[in-house]
Amino acid sequence: RSRVRNMVFPEKLLYKQPSVLVGRTDVVAVTPWLAPIVWEGTFDPVLVDNIYKPMNLTIATTVFAIGKYVRFLQDFLETAEEHFMVGFHVRYYVFTDRPHDVPSVNLSQGRHLSVIQVPGSNRWQEISARRMEIIQTTIERQIRREADYIFCLDVDSKFHARWGSESLGRLVAVIHPGYYEQTRDRFPYERRPASTAYIPMDEGDYYYGGAMIGGFVEDVYTLTKVCRTRFEEDAGNSIEAAWQEESHLNRYLLYNKPSKVLSPEYLWQDFKAKTKEVKVIRFSGVIKNYAEVRPN
Ligand code: 2GW
Ligand code: MN
């Protein structure tokens with residue numbers, strides 16, 4: 001969709017002068033391939049919004065709520081309304097086998113929700129594999145025509161603070177909160193060469209979280225297509241990667257570098273204490289009772 005390229009520049013906006021010398025020094029805010037790593041204090045939200053708002057963008061958000069996971073939808077959607085892409089057109093795509101259990105949440109103006117019925121399953125492997133496939137086919141069928149950017153998110157999560165236009169980019173990934181202090185050989189990548197998700201010990205940039213994939217619709221389309229194909233190829237060889245699609249995502253991103261990387265502010269875990277470099281938790285995975293929510 002061409003309106004992404006139709007930039008309209010703001011005429012005049014007053015904001016703090018950017019400094020060449022003073023900024024955050026406790027974290028790295030750029031990757032060695034010069035993609036920004038987004039941390040609180042590295043961007044001016046008013047300025048960034050001012051650049052993106054005139055583009056009249058639509059942001060697609062996909063979320064899966066299969067089986068008992070429908071119980072997470074209410075908090076997910078309510079907190080997204082408060083914090084996620086406020087002031088932009090947002091289209092939620094909720095994939096569920098229980099359409100009648102989707103809560104009715106009041107949406108702000110310019111925001112829409114569609115419920116798309118998908119088959120349920122008791123097998124996690126199937127839900128996991130089919131997520132990539134369903135995102136891929138839904139992009140083909142409708143999202144491609146309905147949105148500019150897309151974010152695919154885990155439903156067992158909540159927003160707590162701004163997640164805005166600073167997160168937009170061609171291909172966007174998030175650093176997993178559990179491993180950013182570790183060396184690459186300790187990352188839980190898939191380590192068996194027989195898997196198409198294989199990453200050797202001496203390779204790897206960051207360990208990315210599978211709970212978020214984002215970017216231009218076409219870039220995410222290619223990612224889901226490739227990951228789906230590899231997932232199925234592995235399945236044909238009776239191999240399931242260590243962390244399912246998260247492993248395939250990590251492999252894909254190693255050789256297709258993200259153009260923007262979100263700091264762990266954008267993917268925290270509620271059981272984990274905040275660390276000093278994380279000034280604000282924007283989105284986090286809730287603590288779940290596995291016996292209660294998962295099949296079997
Ligand atoms: C079924 C059996 C076992 C585990 C999960 C499920 C399940 C997942 C389900 O019954 N219904 C369902 O809707 N899901 C969807 O898949 C839901 O959107 C959920 O947020 C997502 C990922 O499952 P989850 O959140 O239980 O996995 P986590 O929090 O351990 O997530 C990380 O690891 C996964 C791979 O094992 C994925 O890569 C995920 O994206 C990661 O965040
Ligand atoms: Mn999750």
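Computed from a predicted model, the values in this text were never measured in an experiment.

Q: How should I be thinking about the sheet that holds strand β7 (residues 171-175) in this particular structure?
A: Where strands meet in a sheet, backbone hydrogen bonds hold them as pairs that are either parallel or antiparallel. One open sheet holds the 8 strands; their spatial order is β1-β9-β7-β8-β5-β2-β3-β4, and the pairing between them is mixed. One side of each edge strand has no neighbouring strand; the edge strands of this open sheet are β1 (37-38) and β4 (111-117). Relative to strand β8 (residues 208-216), helix α4 (residues 217-236) is tilted by about 135°, and along the sheet it contacts β5 (149-153), β7 and β8.

Q: Would you mind going over the coordination of the manganese ion (ligand 2) with me for this structure?
A: Ideal geometry at a metal centre: 109.5 degrees between donors when four sit tetrahedrally, and 90 or 180 degrees when six sit octahedrally. For the manganese ion (ligand 2), the full set of protein donor atoms is Asp-154 (OD), Asp-156 (OD) and Asp-156 (OD), and the range of their distances to it is 2.1 to 2.5 Å. Among the residues examined, Asp-156 registers a relative accessible area of 7% and is labelled buried.

Q: Sorry, what's going on with the site of ligand 1 here?
A: With respect to spatial proximity, 19 residues lie near ligand 1, and among them Phe-64, Ile-66, Tyr-69, Gln-244 and Arg-294 are the closest. Tyr-69 is positioned such that a nitrogen or oxygen atom in its side chain is 2.5 Å from an oxygen atom of ligand 1. Residue Val-155 places a main-chain N or O atom 3.1 Å away from an oxygen atom belonging to ligand 1. Protein contact buries 90% of the 730 Å² of open area that ligand 1 shows by itself. Mapped by element, the contributors of at least two residues to the shell around ligand 1 are β2 (58-65), α3 (124-146), β8 and α5 (244-255). Residues belonging to the shell around ligand 1 are distributed by class as follows: 10 nonpolar, 2 polar and 7 charged.

Q: Help me understand the nonpolar core, please; the structure alone is not making it clear to me.
A: In this structure, Ile-59, Leu-73, Phe-84, Met-85, Phe-151 and Trp-163 are the most contacted members of the largest nonpolar core, which totals 41 residues. Mapped onto this core, the elements with two or more residues apiece are α1 (45-52), β2, α2 (73-83), β3 (89-96), β5, β7 and β8. Element by element, the count of residues in this core is highest for α2, at 4 residues. When neighbours within four sequence positions are excluded, Trp-163 is seen to be in contact with His-83, Phe-84, Met-85, Phe-151, Leu-153, Met-212, Leu-262, Tyr-266 and Phe-283.

Q: What is the right way to look at α1 in this model?
A: Structural remark: α-helix, 3.6 residues per turn; residues separated by three or four positions point the same way. Those residues of α1 lying buried are Val-48, Asp-49 and Tyr-52. Angular distribution of buried residues about the axis of α1 spans 100°; they occupy a single face of the element. Contact partners of the buried residues in α1: β5 and β9 (260-262). Between the side-chain oxygen of the N-cap and the backbone nitrogen of Val-46 there are 3.0 Å, and the N-cap of α1 in question is Asp-44.

Q: Would you mind showing me how to read the side chain of Ser-167 here?
A: Looking at the secondary structure, you find Ser-167 in the loop between β6 (157-159) and β7. Separated by 3.0 Å, the side chains of Ser-167 and Trp-163 make a polar contact. Within the structure, the side chain of Ser-167 is placed 2.7 Å from the backbone oxygen of Gly-164, a separation counted as a polar contact. Every residue in contact with Ser-167, bar those within four places of it in the chain, is listed here: Met-85, Phe-151, Val-172, Lys-260 and Leu-262.

Q: Whenever I open this one, the packing of aromatic side chains confuses me. Can you help?
A: Two descriptors summarise a pair of aromatic rings, namely the distance from one centre to the other and the angle between the planes of the rings. Summed over all chains, the structure comprises 18 aromatic pairs. Taking the centre distance of 5.8 Å and the plane angle of 90° together, the rings of Phe-84 and Phe-151 count as edge-to-face. Taken together, the residues span a long stretch of sequence, with Phe-84 in the loop between α2 and β3 and Phe-151 in strand β5 at a distance of 67 residues. Taking relative accessible area as the criterion, Phe-84 reaches 0% and is therefore assigned buried. Judged by centre distance (5.9 Å) and plane angle (65°), the rings of Phe-84 and Trp-163 are edge-to-face. Within this pair, whereas Phe-84 is found in the loop between α2 and β3, its partner Trp-163 is found in the loop between β6 and β7, the two being separated by 79 residues in sequence.

Q: Could you clarify how one ought to interpret the sheet that holds strand β11 (residues 283-285) in this entry?
A: Judged by pairing direction, the sheet is mixed, and its 3 strands sit side by side in the order β6-β11-β10 without closing on themselves. Each edge of the open sheet is held by one strand with a lone partner, namely β6 and β10 (268-269). Relative to β11, β6 runs antiparallel, the two being bridged by 3 bridges. Following the sheet pairing, Ser-157 is matched in β11 by Gly-285. Across the sheet, α2 is in contact with β6 and β11; its angle to β6 comes to roughly 20°.

Q: In this structure, what is going on with the pairing of β2? I would like to understand it.
A: In the case of a regular strand, side chains alternate between the two sheet surfaces. Burial analysis of β2 places 8 of its 8 residues in the buried class, which makes it a mostly covered element. Across the two faces of β2 the burial is the same, with Thr-58, Ala-60, Thr-62 and Phe-64 and Ile-59, Thr-61, Val-63 and Ala-65 all buried. As paired strands, β2 and β3 are joined by 8 bridges and run parallel to one another. Residue pairing for β3: Ala-60 is matched across the bridge by Arg-91. Each parallel crossover has a hand, and the one from β2 via α2 to β3 is right-handed. Bridge analysis of β2 against β5 gives 5 bridges, and the strand direction is parallel. Counterpart to Val-63 in the pairing with β5 is Leu-153.

Cut-off values and rules
The residue numbering used here restarts from 1 in each chain and proceeds along that chain's sequence as written. Working convention: letters from A go to chains and numbers from 1 go to ligands, in the order in which they are written. For a predicted model such as this one, the threshold for reporting local features is a pLDDT of at least 70, and the threshold for listing and counting side-chain atom pairs is 80 or more; totals across whole chains, interfaces and linings nevertheless cover every residue. The side-chain figures draw on all heavy atoms in the structure; neither hydrogens nor water molecules are used. Only when DSSP finds a minimum of two bridges between them are two strands counted as paired. Numbering of helices and strands starts at the N terminus; helices are DSSP runs of H or I of at least 4 residues and strands are runs of E of at least 2. Residues are treated as being in contact if the distance between any of their heavy atoms lies within 4.5 Å. Lines fitted to the C-alpha atoms define the axes, with helices restricted to the stretch that makes contact. Angles between their N-to-C directions range from 0 to 180 degrees. Note on donors: an N, O or S atom is included if it sits within 2.8 Å of the metal, or within 3.2 Å for Na, K and Ca, and water is never included, so sites can look incomplete. When a residue's accessible area, from a 1.4 Å probe over protein chains only, is under 20% of the maximum for its type it is buried; when over 50% it is exposed; and in between it is partly exposed. Nearness is defined per residue: one heavy atom within 4 Å of the molecule or strand is enough. Any pair of N or O atoms that falls within 3.5 Å is considered a polar contact. Within protein, one atom must be able to donate a hydrogen and the other to accept it, and sequence-neighbouring residues count only if both atoms are side-chain atoms. Note on areas: Shrake-Rupley with a 1.4 Å probe; residue coverage comes only from the protein chains shown. All amino acids are sorted into three groups, where Ala, Val, Leu, Ile, Met, Phe, Trp, Tyr, Cys and Pro are nonpolar, Asp, Glu, Lys and Arg are charged, and the leftover types, Gly among them, are polar. We define the nonpolar core as a collection of buried residues of types Ala, Val, Leu, Ile, Met, Phe, Trp, Tyr and Cys that are connected through side-chain atoms lying within 4.5 Å of one another. This arc corresponds to the set of directions leading from the helix axis out to the C-beta atoms. Only rings of Phe, Tyr and Trp enter the pairing, Trp through its six-membered ring, and a pair is recorded when the two centres are within 6.5 Å. The plane angle decides the type: under 30 degrees is stacked, over 60 is edge-to-face, the rest tilted. Crossovers are described as right-handed under a simple rule: with the strands pointing away from the observer, the path leading from the first strand over the helix to the second runs clockwise.

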